[in-house]
Amino acid sequence: DAGVTQSPTHLIKTRGQQVTLRCSPKSGHDTVSWYQQALGQGPQFIFQYYEEEERQRGNFPDRFSGHQFPNYSSELNVNALLLGDSALYLCASRRPGQGIREQYFGPGTRLTVT
Amino acid sequence: AQTVTQSQPEMSVQEAETVTLSCTYDTSESDYYLFWYKQPPSRQMILVIRQEAYKQQNATENRFSVNFQKAAKSFSLKISDSQLGDAAMYFCAYRAPYGQNFVFGPGTRLSVLP
């Protein structure tokens, strides 16, 4: 059973460019969340997708957008990249239902903006 | 808004000894979930242990246990018989019962000395 997968592993972009990161959730999971983890800090919540809709959003500008596909995979798009967008981007998924339902994380995509 | 604080940026422990990592949080909710995640240099966030606030009994997972003090809003992690593989960043995380996102603390870097 594959866990959460993310692509690419590393990415280097230039200021002002656009980037798309991809995530496939763990089998049986339907909810995907994205987090930004700056160097030396804890992950910060960007947004969450469920049933192909954005359900919750953290304190991130509209330059950050996403999408969820019918197979539950998800994309994170960042437009007009800034140097401050350099970070590890983590995707996490969880299974349907109520209760504690911990999130399972992917290995992350390291984005460097130059 | 909920916040999570980890007051120890770095900790070290001798192999086979016991170490306790501190976490405090702020919330007005009476029911919620708490987690400890481990992030080794490989970047993969791994769930260590979880606790439901309505359960008075402290969670344990093999060498890992928590001391959950609800009134004090404290959730410390105890690692017994520390092993070299325990060296990592440890993040405390909070999730509200109907909220969808996790709130993470800034992390504690644990070193295990041979």
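Residues numbered from 1 in each chain as written. Chains lettered and ligands numbered in written order. Predicted model: local features only at pLDDT ≥ 70, side-chain atom pairs only at ≥ 80, totals over all residues. Heavy atoms only, no water.

**Some points on the layout of surface pockets**
Consideration 1: By volume, the largest pocket amounts to about 280 Å³.
Consideration 2: Residue lining of the largest pocket: 17 residues in total, with Gln37(A), Gln39(B), Pro40(B), Met89(B) and Arg109(B) positioned closest to the centre.
Consideration 3: Take the lining of the largest pocket: its biggest share by element is three residues, from strand 10 (residues 88-95) of chain B.
Consideration 4: Within the lining of the largest pocket, the residues separate by chemical class into 10 nonpolar, four polar and three charged. (1 Å grid on protein atoms, 1.4 Å probe; cavity = no way out; pocket = protein on both sides within 12 Å on 5 of 7 lines; lining within 4 Å. Points joined across faces, edges and corners; volume = space filled by probe spheres on them. Helix = DSSP H or I, 4+ residues; strand = E, 2+ residues; numbered from the N terminus. Nonpolar A, V, L, I, M, F, W, Y, C, P; charged D, E, K, R; others polar.)

**Brief notes about the interface of chain B and chain A**
Consideration 1: Counting residues at the interface gives 20 residues for chain B, matched by 26 residues for chain A.
Consideration 2: Of the roughly 2000 Å² buried between chain B and chain A, counting both surfaces, carbon and sulfur atoms make up 49%.
Consideration 3: For the pair chain B and chain A, the number of links is zero salt bridges.
Consideration 4: The interface formed by chain B and chain A contains eight residue pairs in polar contact (both at pLDDT 80 or more).
Consideration 5: Listing elements by their share of the side of chain B that touches chain A, those giving two or more residues are strand 5 (33-39), strand 6 (46-52) and strand 10 of chain B. (Contact = heavy atoms within 4.5 Å. Buried area = accessible area lost by both parts, 1.4 Å probe. Salt bridge = Lys/Arg side-chain N within 4 Å of Asp/Glu carboxyl O. Polar contact = N/O pair within 3.5 Å; in protein donor to acceptor, adjacent residues only side chain to side chain.)

**Things to note about the state of the cysteines**
Residue and element names in this part refer to chain A.
Consideration 1: For the structure on display, the rule yields two disulfides over all chains.
Consideration 2: With a sulfur-sulfur separation of 1.8 Å, cysteine 23 is cross-linked through a disulfide to cysteine 91. A torsion of -60° about the S-S bond marks the disulfide between cysteine 23 and cysteine 91 as left-handed. Taken together, the residues span a long stretch of sequence, with cysteine 23 in strand 3 (residues 19-24) and cysteine 91 in strand 9 (residues 87-94) at a distance of 68 residues. Side by side, cysteine 23 and cysteine 91 carry an identical accessibility label, which is buried. (Disulfide = S-S within 2.5 Å. Buried < 20%, exposed > 50% of the residue type's maximum accessible area, 1.4 Å probe, protein only.)

**Quick notes on the nonpolar core**
Consideration 1: Tyr25(B), Trp36(B), Phe75(B), Leu77(B) and Tyr90(B) are the most contacted members of the largest nonpolar core, which totals 27 residues.
Consideration 2: Contributions of two or more residues to this core are made by strand 3 (19-21), strand 5, strand 6, strand 8 (64-69), strand 9 (74-79), strand 10 and strand 12 (108-113) of chain B.
Consideration 3: The element contributing the most residues to this core is strand 10 of chain B, with four residues.
Consideration 4: In this structure, Leu21(A), Cys23(A), Phe47(A) and Phe60(A) belong to the second largest nonpolar core, which totals 20 residues. (Core = buried A, V, L, I, M, F, W, Y, C linked by side-chain atoms within 4.5 Å.)

**So, the packing of aromatic side chains**
Consideration 1: The tally for this structure, following the rule as stated, stands at 18 aromatic pairs over all chains.
Consideration 2: Relative to Phe104(B), the ring of Tyr35(A) has its centre 5.7 Å away and its plane inclined at 90°; by these criteria the two rings are edge-to-face. Of this pair, Tyr35(A) sits in strand 4 (residues 31-37) while Phe104(B) sits in strand 11 (residues 103-104), which puts the two residues in different chains. In this pair, the class of Tyr35(A) matches that of Phe104(B), namely buried.
Consideration 3: Both rings, one in Phe68(B) and one in Phe75(B), keep their centres 6.3 Å apart while their planes meet at 80°; by these two values the pair is edge-to-face. (Phe/Tyr/Trp six-rings, centres within 6.5 Å; stacked < 30°, edge-to-face > 60°.)

**A word on the sheet that holds strand 1 (residues 5-7) of chain A**
Residues and elements named next belong to chain A.
Consideration 1: Taken together, four strands build an open sheet; the order of strands is 1-3-8-7 and the sheet is antiparallel. Of all the strands in the sheet, just strand 1 and strand 7 (64-68) have a single pairing partner and so form its edges. For this sheet, the mean angle separating the axes of adjacent strands, direction not counted, is 20°. (Pairing = 2+ DSSP bridges. Axes fitted to C-alpha atoms, helices over the stretch in contact; angles between N-to-C directions.)

**A closer look at the pattern of salt bridges**
Residues and elements named next belong to chain A.
Consideration 1: If you walk through the whole model with that rule in mind, you get seven salt bridges over all chains.
Consideration 2: A salt bridge links arginine 57 to glutamate 54, with the shortest nitrogen-to-oxygen separation between them at 3.1 Å.
Consideration 3: According to the relative accessible area criterion, arginine 57 is partly exposed, its value standing at 29%.
Consideration 4: Accessibility expressed as a relative area gives 35% for glutamate 54, which makes it partly exposed.
Consideration 5: Measuring nitrogen to oxygen at the nearest pair gives 2.9 Å for the salt bridge that ties aspartate 85 to arginine 63.

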